[in-house]
Every structure is written in C-alpha cells, then in structure tokens.
Amino acid sequence: MPETVAPFSNRLAGKVALVTGAAGGIGRATVERLAREGASVVATDMDGERLAASLDPLRAAGLDVVAHVADLAKASARDELVPFAVEKKGRLDILVNNAAFHGPRETFVDSAEADWHKVFEVNVIAAMALSRASARPMVAAGGGAIVNVGSIQAGMPVATYAAYAASKGAIESLTRALAVELSAEGVRINAVTPGVIATDAFKTTLSRSTASAPIPPATLLHRTGGPGEVAAAIAFLASDDASFITGAILSVDGGRHLSRRPDPFDAAFGNRNRNGQS
C-alpha cells in the first residue's frame, strides 16, 4: 500500500518552525508538511548542496522555506542557529530535532570512543542545546512546541549500532525531562519514534543486502512507512490539535514494536560478530 497523506490544513498559519536534518528523508518531508500547513520554516542541514536541491521545489511551489547550513556537531553552529531563525522570522514557535548521525557500523567491543562522542554530539547534545535556546523565546512568547525524533532502536536495538541506539534512548529521556520542566511554561515537548521508514538511505542500505530474496517488512501493517507519514505525526504534535499532549513518545512504526516477525536488517546482513561472521 502506498504512503497516504491527509489533506493539508492551515492549522500552523502564523507559526515559525525550525527543522534540523532537513535535506532529505523525514526532515525534508517535515519541512514540506509544516510549510504546507501554513508555517514559515527555517530548514537546516550540514549538506548545503543537498539542502538547496531539496528546498528549491518547495520554494517554487510558493512555500515559505529558508535554508541555513549548519554542522550540529560544532558548538558554534548550534549556538547561531536559533538566533538566526528568530532574527530571520521574528519568532520561533516550533522546533523539530530531527538531525542524526548513525556512526559506523561496528561491534560494541570494536567501536571507537571518538565515534560515540560524535553520535552523542549530533543526536543528543545538539537536541539539548537547540531545545534550551528555543525554549527561551517560546516561554517569553507564552508557548511553543518541541518535537524530537527518536528511533525504534531505543527499545529494539540492531546489533552494531550501540551508540546510535543509546543516543536515541537518551532522546526519549530528554523528552520526558524537558516536558516535566517546561510544560508549565507553555512549551510542550514530545517525541516520535519511527520504525522502518523507506527513506533514500534505507533503500540504499537494503540494496547492499546479500539475501537471496526480498526481505518482507516486520511490521503489523506488512509494509514500510513513508517519510510523509512520520512528518504528519510531527505536524500533529507541533499543532494546537495536540494542545493537551506533552511528554509523549509516539511510535510511528506500523506496529513493529509489537511484531514478532524477524528483523529485516538481521535477515539481510546478519548479526555480525567481531570477525564479520553471522
């Protein structure tokens, strides 16, 4: 079944959103979804060329989207991002922490500490720093919404991605902690945890599979999800339709967390040990 998207509303009209990791996949779909629902969107990514190519069609369609190149592994880039958005648009109502770094696929005992530092720098420290910077203008304006993008791997980790899985577990805890602290100030903090989503990166990874036959998705819906379906959940949590929701971790995984079917990555690539054997 193809990905379906509900008709766009105008429920985010007058809102300003900042979306990280916006050049492709879930990030790009989120930029489009928020903009089509009326938001003015500042989209950021470290890949400036890819970001421009992703946003040009949206601008051509008349959507209010501004690009800003930033490497969130660098503190200086994190520090300038929210001030840029506020200066450019005059306010900030929505933050979507989507940017993520998987790190190299290594067994835990062979993983490098430097890789762990970068994974946490991009996935956790950047989300914390941008949430902190965004909360200040949101509180001053009387409210706002922060949506973090976690991963099913926080609860169902795939072997050789320990750093990434741990960082996404931290995102879930960060979401709850910030909800406890900021909700009374009018800032709602929630997270989505996508499962198997058919992004370009996912398709590229599966194309390297040595399996003799296609691996069926392990979801209860018997299909992979689409970036637009995750973006729709993010837009809901960012909107006033979710005005009584904070501290929630919303699974957008087609029921994968309840499924007992084999994981397609393990079937395609094996649960490798240190010697590369399955």
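Everything numeric in this text was worked out from a predicted model, so none of it was measured.

1. Details of the nonpolar core
Part 1: Grouped together as the largest cluster of nonpolar side chains are 31 residues, with contacts concentrated most on Val31, Leu34, Val41, Val65, Val192 and Ile234.
Part 2: Elements with a minimum of two residues in this core: strand S1 (16–20), helix H1 (25–36), strand S2 (40–45), helix H2 (48–60), strand S4 (94–97), strand S5 (144–149) and helix H7 (227–238).
Part 3: Considering every element that reaches this core, the biggest residue donor is H7, with 6 residues.
Part 4: Each residue touching Ile234, except ones within four places of it in the same chain, is listed here: Ile26, Thr30, Val96, Val147, Val149 and Val192.
Part 5: Ranked by size, the runner-up nonpolar core spans 25 residues in total, among them Leu130, Ile146, Leu174 and Val187.

2. Observations concerning the environment of Asp64
Part 1: Mapped onto the fold, Asp64 is located in the loop between H2 and strand S3 (65–69).
Part 2: Take Asp64: its relative accessible area is 37%, and that puts it in the partly exposed class.
Part 3: For Asp64, the contacting residues outside a window of four places in its chain are Ala39, Ser40, Val41 and Lys89.
Part 4: Separated by 2.8 Å, the side chains of Asp64 and Lys89 make a polar contact.

3. Section: the pattern of salt bridges
Part 1: Summed over all chains, the structure comprises 10 salt bridges.
Part 2: Put simply, Arg59 and Asp56 hold a salt bridge, and the shortest N to O gap is 3.0 Å. Note that Arg59 and Asp56 are positioned in helix H2 at a spacing of 3 residues, about one turn of the helix.
Part 3: On the accessibility criterion, Arg59 (34% relative accessible area) is partly exposed.
Part 4: On the accessibility criterion, Asp56 (42% relative accessible area) is partly exposed.
Part 5: Put simply, Glu121 and Arg78 hold a salt bridge, and the shortest N to O gap is 3.0 Å. Of this pair, Glu121 sits in helix H4 (residues 113–141) while Arg78 is found in helix H3 (residues 75–89), placing the two residues 43 residues apart along the sequence.
Part 6: On the basis of relative accessibility, which here comes to 25%, the residue Glu121 falls in the partly exposed class.

4. Quick word on H4
Side chains that are three or four residues apart share a direction in an α-helix, a result of its 3.6 residues per turn.
Part 1: Taking 1.5 Å of rise per residue, 29 residues should cover 42 Å, and H4 covers 41 Å from first to last C-alpha, within 8% of that figure.
Part 2: The axis of H4 is deflected most strongly, by about 40°, at Glu121.
Part 3: Buried within H4 we find Val119, Val122, Asn123, Val124, Ala126, Ala127, Ala129, Leu130, Ser131, Ser134, Ala135 and Met138.
Part 4: Looking at the buried positions of H4, the neighbouring elements they touch are S1, H3, S4, S5, helix H5 (162–182) and strand S6 (187–194).
Part 5: With its phi angle positive at about 100°, Gly142 sits one or two positions after the end of H4.

5. Concerning the environment of Pro104
Part 1: Of note, Pro104 is situated in the loop between S4 and H4.
Part 2: With a relative accessible area of 39%, Pro104 lands in the partly exposed category.
Part 3: For the pair Pro104 and Thr160, spaced 56 residues apart in the sequence, the C-alpha separation amounts to 8.5 Å.
Part 4: Sequence-distant contacts of Pro104, defined by excluding residues within four places in its chain, comprise Asp115 and Thr160.

Reading the values: rules and limits
Note that residues are indexed from 1 along each chain, following the sequence as it is written. Given that the model is predicted, a residue must reach a pLDDT of at least 70 before its local features are reported, and side-chain atom pairs must reach 80 or more before they are shown or counted; all residues, however, enter totals for whole chains, interfaces and linings. Excluding hydrogens and water, the side-chain values take into account all heavy atoms of the structure. Throughout this description, the term nonpolar core refers to a set of buried Ala, Val, Leu, Ile, Met, Phe, Trp, Tyr and Cys residues connected via side-chain atoms within 4.5 Å. Partly exposed describes any residue whose relative accessible area lies between the buried limit of under 20% and the exposed limit of over 50%, with all areas from a 1.4 Å probe on protein chains only and scaled to the type maximum. A run of DSSP states H or I qualifies as a helix once it reaches four residues; a run of E qualifies as a strand once it reaches two. Both are numbered from the N-terminal end. The criterion used for residue contact is that any of the two residues' heavy atoms lie within 4.5 Å. Counting of polar contacts relies on pairs of N or O atoms within 3.5 Å, with two restrictions inside protein: one atom must be capable of donating a hydrogen and the other of accepting it, and residues adjacent in sequence are counted only when both atoms are side-chain atoms. Salt bridges are counted wherever a side-chain nitrogen of Lys or Arg sits within 4 Å of a carboxyl oxygen of Asp or Glu. Given a helix with a known number of residues, its expected span is that number minus one, times 1.5 Å. The bend at a residue is defined as the angle formed between two axes, one fitted to the seven residues ending at that residue and one fitted to the seven starting there.

In short, the description is geometric, and any link to function would need to be established separately.
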